[in-house]
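Observations on chain architecture
The lines below spell out each chain.
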Amino acid sequence: MIIYILLGIAFMFCIEYLLNMNSIKERMTTNHSLEDMIWTKRIIGVLFWPVWLGIFLYNFFKSYFE
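Residues numbered from 1 in each chain as written. Predicted model: local features only at pLDDT ≥ 70, side-chain atom pairs only at ≥ 80, totals over all residues. Heavy atoms only, no water.

Counting 6 residues, the largest nonpolar core is built from Phe 11, Met 12, Ile 15, Leu 19, Val 46 and Trp 49. Counting residues per element, this core draws most heavily on helix α1 (residues 2-19), at 4 residues. In contact with Trp 49, other than residues within four places in its own chain, are Tyr 4, Leu 7, Gly 8 and Phe 11. (Core = buried A, V, L, I, M, F, W, Y, C linked by side-chain atoms within 4.5 Å. Buried < 20%, exposed > 50% of the residue type's maximum accessible area, 1.4 Å probe, protein only. Helix = DSSP H or I, 4+ residues; strand = E, 2+ residues; numbered from the N terminus. Contact = heavy atoms within 4.5 Å.)

This part takes up helix α3 (residues 39-47). Along α3, the residues classified as buried are Arg 42, Gly 45 and Val 46. Mapping the buried residues of α3 onto a view down its axis gives an arc of 100°, with all of them on the same face. Contacts from the buried residues of α3 go to α1 and α4 (49-64). (Arc of directions from axis to C-beta.)

Below, the discussion takes up the packing of α1 against α3. Following both chains from N to C, one finds α1 and α3 inclined at 125°, their axes separated by 7 Å at the closest point. Considering the angle they form, α1 stands oblique to α3. Taken as a pair, α1 and α3 cross one another with a handedness that is right-handed. Contacts between α1 and α3 involve Tyr 4, Ile 5, Gly 8, Ile 9, Met 12 and Glu 16 on the former and, on the latter, Lys 41, Arg 42, Gly 45, Val 46 and Leu 47. Residues that form the contact of α1 with α3 fall into these classes: 6 nonpolar, 2 polar and 3 charged. (Axes fitted to C-alpha atoms, helices over the stretch in contact; angles between N-to-C directions. Parallel < 35°, antiparallel > 145°, perpendicular 65-115°, else oblique. Left-handed = near helix turned anticlockwise from the far one by under 90°. Nonpolar A, V, L, I, M, F, W, Y, C, P; charged D, E, K, R; others polar.)

If you want it as structure tokens, here you go:
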């Protein structure tokens, strides 16, 4: 169980890091910031990270290769 939570924390860290990279910000149609990532969203992301990882990768590669 602790590994599952640690993987979720690492996943959410990567998401926040990617959302703040300039090269990614230029390609995104919506502006995101750390203020958008409130604690409840972070906790939900840690708990449901496998689902969010699939959704994130699908949308990331879809928008990256447009």
